[in-house]
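Chain by chain, the residues:
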There are 2 protein chains.
Amino acid sequence: METVIPLSTVCPSSDERVTLFALLLDTNARLSRSFAVRLEETCALPLAWFEVLLQLRRTPEGSLKMNEVAEAIVHSTGGTTRLIDRLEEAGLVQRQLCPSDRRAIHVAITAQGNLKLDDALSVHMGYLEEHLSSRLTCDERAELTVLLTKLNATR
Amino acid sequence: METVIPLSTVCPSSDERVTLFALLLDTNARLSRSFAVRLEETCALPLAWFEVLLQLRRTPEGSLKMNEVAEAIVHSTGGTTRLIDRLEEAGLVQRQLCPSDRRAIHVAITAQGNLKLDDALSVHMGYLEEHLSSRLTCDERAELTVLLTKLNATR
DNA sequence: GACAAGTTATTGCATCTGCAACTATAGTGG
DNA sequence: CCACTATAGTTGCAGATGCAATAACTTGTC
């Protein structure tokens, strides 16, 4: 229980939490942008495509329903429809009918998509070597993972 | 010096660093989206506008050049031009000629912009109370700030 | 079984953003 | 003073995304 007026009341724009939130936005923006540029240059793969392929590989079945993709990559369902359109057009994923629910669509990664993802992942590893491993120790990365996981908790 | 093949060679998609990078993207996407929704509902203020106003308040002079704004919020200069167009149209900022360099434009926050930002900051503090303070202790937030700062280092 | 309500994906439309080309101005070396 | 190069900002254009409306299907209730 605080009995004094916190600094934030005096100057919210320099409040410790406001600064942290801004730092999170900024760090994400810079890292994701610089990685997106590299991925585009080396693999001709948009970051959003990479995210989709990565999420698909992370599921045991290698496929997700449209709304699960949207949830996983934090897009609207409408946006996800067009995104998957483009990935399918490029032959990296495939829409499959769901036998148990005719409204649902399964999005499955194709062989070509797997190859592309392998490519992208090797680029990603190199990028992370440069931008993660060189800046944070292994322990620090573990600590950051714990903190972001807590922060990311849905409740 | 490692003498064994690291796990990442076997399965990059579950490499500790790949997971951390994905976690950073995900955490940022969820937090910024949910805050953007609240800001839009309560203040009718797009998140990008809030970012601009906050950056302007953080400078001693209350103004930045166009390219400094672009750098601060991680936008292209072209995108920043339109963004400032909209903010100026709404009366929240003002373009000012720079006496020493006739190419440059100073973007200054207006009185109305300051009021709007005060509004938004009070909403922001409430949001952070719910989503930051409830999930991370003060020490954890300080630790996260340190880690993100290291990660964000330009080099 | 039939209707109401909920769920899933898609589409029209509007908006936002980046890239590359362009204009205007500043700095530099002769 | 004159090129030449670099920098600041804007604009045309194309692409990506969200929202709301819609169509197709499922589930629950009577």
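For the structure, see preceding data.
The model shown is predicted, which means the values in this text are computed figures rather than measured ones.

A. Seen up close, the protein's contact with DNA strand C. DNA strand C sits among 21 residues. The nearest are Arg33(A), Arg82(A), Arg103(A), Ser76(B) and Arg86(B). The contact atoms of DNA strand C, taken as those within 4 Å of the protein, divide so that sugar and phosphate hold 66%. Arg33(A) places a polar side-chain atom, nitrogen or oxygen, 2.4 Å from a phosphate oxygen of DNA strand C. Secondary structure elements with two or more residues in the surface near DNA strand C: α4 (66–73) and α5 (77–89) of chain A together with α5 (77–89) of chain B. Among the elements that line the surface near DNA strand C, the one with the most residues is α5(A), at four residues.

B. Looking closely at the protein's contact with DNA strand D. Around DNA strand D sit 21 residues, and of these Arg86(A), Arg33(B), Asn67(B), Arg82(B) and Arg103(B) come closest. Take Arg86(A): an N or O atom from its side chain is 2.6 Å from a phosphate oxygen of DNA strand D. One of the side-chain N or O atoms of Arg82(B) is found 2.5 Å from a base oxygen in DNA strand D. At four residues, α5(B) tops the list of elements feeding residues into the surface near DNA strand D. Along the lines of polarity and charge, the residues of the surface near DNA strand D split into four nonpolar, seven polar and ten charged.

C. Inspection of the relation of the copies chain B and chain A at higher detail. Between chain B and chain A, which share one sequence, the superposing operator has a rotation angle of 180 degrees and an axial displacement of 0.0 Å; the RMSD is 0.0 Å. A rotation of that kind, with that shift, is consistent with a two-fold axis. Interface overlap between copies: 100% of the residues of chain B at the interface are likewise at the interface in chain A, consistent with a symmetric, same-surface contact.

D. Just the packing of aromatic side chains, in detail. Applying the stated criterion across every chain, the model contains eight aromatic pairs over all chains. Between the aromatic rings of Phe21(A) and Tyr127(B), the centroid separation amounts to 6.2 Å while the plane-to-plane angle is 80 degrees, which identifies the pairing as edge-to-face. In this pair, Phe21(A) is assigned in helix α2 (residues 16–43) and Tyr127(B) in helix α6 (residues 111–133), connecting two distinct chains. We classify Phe21(A) as buried; its relative accessible area is 5%. Looking at Tyr127(B), the relative accessible area reads 2%, which means it is buried. Relative to Tyr127(B), the ring of Phe35(B) has its centre 5.1 Å away and its plane inclined at 50 degrees; by these criteria the two rings are tilted.

E. Geometry of the pattern of salt bridges. The full count for this structure, using the stated rule, is 22 salt bridges over all chains. Between Lys150(A) and Glu140(B) there is a salt bridge, with the nearest N and O atoms lying 2.4 Å from each other. With Lys150(A) in helix α7 (residues 138–152) and Glu140(B) in helix α7 (residues 138–152), the pair connects residues from two separate chains. Classification of Lys150(A) by relative accessible area gives partly exposed; the value is 35%.

F. Up close: the pairing of strand β3 (residues 105–109) of chain B. All names here are of chain B. Across three bridges, strand β1 (residues 63–65) lies against β3 in antiparallel orientation. Each bridged residue has a counterpart across the sheet, and for Lys65 the counterpart in β3 is His106. Pairing geometry for strand β2 (residues 93–97) and β3, over five bridges, is antiparallel. If you follow Arg95 over to β3, its bridge partner there is Val107.

G. View of the interface of chain B and chain A. Between chain B and chain A, the contact holds 57 residues from the first and 57 residues from the second. Interface area for chain B against chain A, summed over the two sides, is near 5,900 Å², with a carbon-plus-sulfur share of 65%. Inspection of the chain B/chain A interface yields eight salt bridges. When the shortest N-O distance is used, the salt bridge between Arg30(A) and Glu71(B) registers 3.2 Å. Taken together, the connections running from chain B to chain A amount to 20 residue pairs in polar contact (both at pLDDT 80 or more). Each residue belonging to the side of chain B that touches chain A can be placed in one class, and the counts come to 25 nonpolar, 15 polar and 17 charged.

H. Spatial organisation of the sheet that holds strand β2 (residues 93–97) of chain A. Residues and elements named next belong to chain A. Strand order in the open sheet formed by three strands is β1-β3-β2, and the pairing between neighbours is antiparallel. Both outer strands of the open sheet, β1 (63–65) and β2, are each paired with one neighbouring strand and no more. Along the sheet, successive strands turn relative to each other by an average axial angle of 30 degrees, direction set aside. α5 rests against β2 and β3 (105–109) of the sheet, and its axis sits at about 115 degrees to β2.

About the cut-offs
- Residues numbered from 1 in each chain as written.
- Chains lettered and ligands numbered in written order.
- Predicted model: local features only at pLDDT ≥ 70, side-chain atom pairs only at ≥ 80, totals over all residues.
- Heavy atoms only, no water.
- Near = heavy atom within 4 Å.
- Polar contact = N/O pair within 3.5 Å; in protein donor to acceptor, adjacent residues only side chain to side chain.
- Helix = DSSP H or I, 4+ residues; strand = E, 2+ residues; numbered from the N terminus.
- Nonpolar A, V, L, I, M, F, W, Y, C, P; charged D, E, K, R; others polar.
- Least-squares fit on C-alpha atoms with pLDDT ≥ 70 in both.
- Contact = heavy atoms within 4.5 Å.
- Phe/Tyr/Trp six-rings, centres within 6.5 Å; stacked < 30°, edge-to-face > 60°.
- Buried < 20%, exposed > 50% of the residue type's maximum accessible area, 1.4 Å probe, protein only.
- Salt bridge = Lys/Arg side-chain N within 4 Å of Asp/Glu carboxyl O.
- Pairing = 2+ DSSP bridges.
- Buried area = accessible area lost by both parts, 1.4 Å probe.
- Axes fitted to C-alpha atoms, helices over the stretch in contact; angles between N-to-C directions.

These figures come from the coordinates and say nothing about function on their own.
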